[in-house]
Amino acid sequence: MPGVRDLQTMAGAEPITMLTAYDATTAALVDDADVEVILVGDSMGRETLGFDSTLPVTVDDMARHVGAVARSTEDALVVADMPFLSIGVDRAQSVEHCGRMIKEEGANAVKLESGPHTVELTEHLTDLGIPVMAHLGLTPQSHNLTDRVRQATTREAAREQLDLAKRHAEAGAFSLVLEHVPANVAAQITDAIEIPTIGIGAGPDCDGQVLVVNDVLGLTESPPPFSASFGDVRSAMTDAISAYRAAVKDGEYPAAEHTHADSTLDDIA
Ligand code: KIV
């Protein structure tokens, strides 16, 4: 398993790959493909729990799915995304929630949607032995304040992101997700800090890339414009489900090889 320091060694030498996974089956496939980091993202709220945002995801939801992913992952670093209001309200409670992901569920690190309010917490968690991945740019948990739009689009906002990136790196964050910021801003932030940046919609100059696994698989109906699909799992699933239905309706399933009977059990009525 790459440790958090291995990611720092990889930065600049080869691009780091990170994908989300929310369940055991998908995590094992992502792990087998040698993706270095699996993020149990709170995107789970939209992708698997049927909400229209990440806000309703709870600490219990996250813990259950982090455990499933961690149990099925042998090599990748497993990062637990801390859901809305699970951190930042109260320091002791923030530590308890982050610690639960590591201690009880088997994650290797936590990701915090970051801002000025997470600098001190990042330092505290790191001191306690909980590795922190910071997350700047578009932070979907704040979407009621910011809307889901590209961030850091003015010089002032871009400088603010650069400053926050430096402060989180100094506080001990081991890496930084940059979401939906202009590529040239992401490139400058990547140059300015020692820790690896992992971009999503942030251009090619980050040290790594992260995407939502359902988008990569071609399972999402309307993926975001910065995403890319590398398969057509939606069509494959639709075809398989329709074929199953047709086989049952036509009496082709179950066939003899799917069936067992025992003559001693005849005439049980
Ligand atoms: O929840 C998530 O999937 C994320 C990534 C998009 C970085 O935070």
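Look up a bit, the structure's there.
What you see is a predicted model, and the numbers here were worked out from it, not measured in a lab. Residue numbers restart at each chain and count upward from 1, following the sequence in its written direction. A pLDDT threshold of at least 70 governs which residues receive local features in this predicted model, and a stricter bar of 80 or more applies before side-chain atom pairs are shown or counted, although totals over entire chains, interfaces and linings include all residues. The basis for the side-chain values is all heavy atoms of the structure; hydrogens and waters are excluded.

### So, the side chain of T20
Secondary structure elements follow DSSP: runs of H or I no shorter than four residues count as helices, runs of E no shorter than two count as strands, and numbering proceeds from the N terminus. Within the secondary structure, T20 is located in strand β1 (residues 16–20). For T20, a relative accessible area of 2% puts it in the buried group. At a separation of 3.1 Å, a polar atom in the side chain of T20 contacts the side chain of Y22. Polar side-chain contacts of T20 include one of 2.8 Å to the backbone nitrogen of V213. Here the term buried applies to any residue with accessible area under 20% of the maximum for its type, exposed to any over 50%, and partly exposed to those in between, with areas from a 1.4 Å probe on protein chains only. Between N or O atoms, a polar contact is any pair within 3.5 Å; within protein, one atom must be a potential hydrogen donor and the other a potential acceptor, and residues adjacent in sequence are included only when both atoms are from side chains.

### Some details on the pairing of β1
Most of β1 is tucked away, with four of its five residues classed as buried. Paired strands, in this sense, are two strands between which DSSP finds at least two bridges. Bridge analysis of β1 against strand β8 (residues 208–211) gives four bridges, and the strand direction is parallel. By the bridge assignment for β8, M18 is matched with V210. The sheet contact formed by β1 and strand β2 (residues 37–40) spans three bridges and is parallel.

### Describing the site of the ligand
Definition of nearness: a residue and a molecule or strand are near each other if at least one heavy atom of the residue lies within 4 Å of the molecule or strand. In the vicinity of the ligand, the contacting residues are T20, L39, G41, D42, S43, D81, K111, H135, V177 and I200. A distance of 3.0 Å is found between an oxygen atom of the ligand and a side-chain nitrogen or oxygen belonging to D42. Contacts to the ligand include S43, whose side-chain N or O atom sits 2.5 Å from an oxygen atom. Taken by itself the ligand offers 260 Å² of open surface, and the protein chains cover 94% of this. For this classification, Asp, Glu, Lys and Arg are treated as charged, while Ala, Val, Leu, Ile, Met, Phe, Trp, Tyr, Cys and Pro are nonpolar and the rest, including Gly, are polar. Classifying every residue of the shell around the ligand by side-chain character gives three nonpolar, four polar and three charged. Computed with a 1.4 Å probe, the accessible areas rest on the Shrake-Rupley method; for each residue, only the protein chains presented here act as cover.

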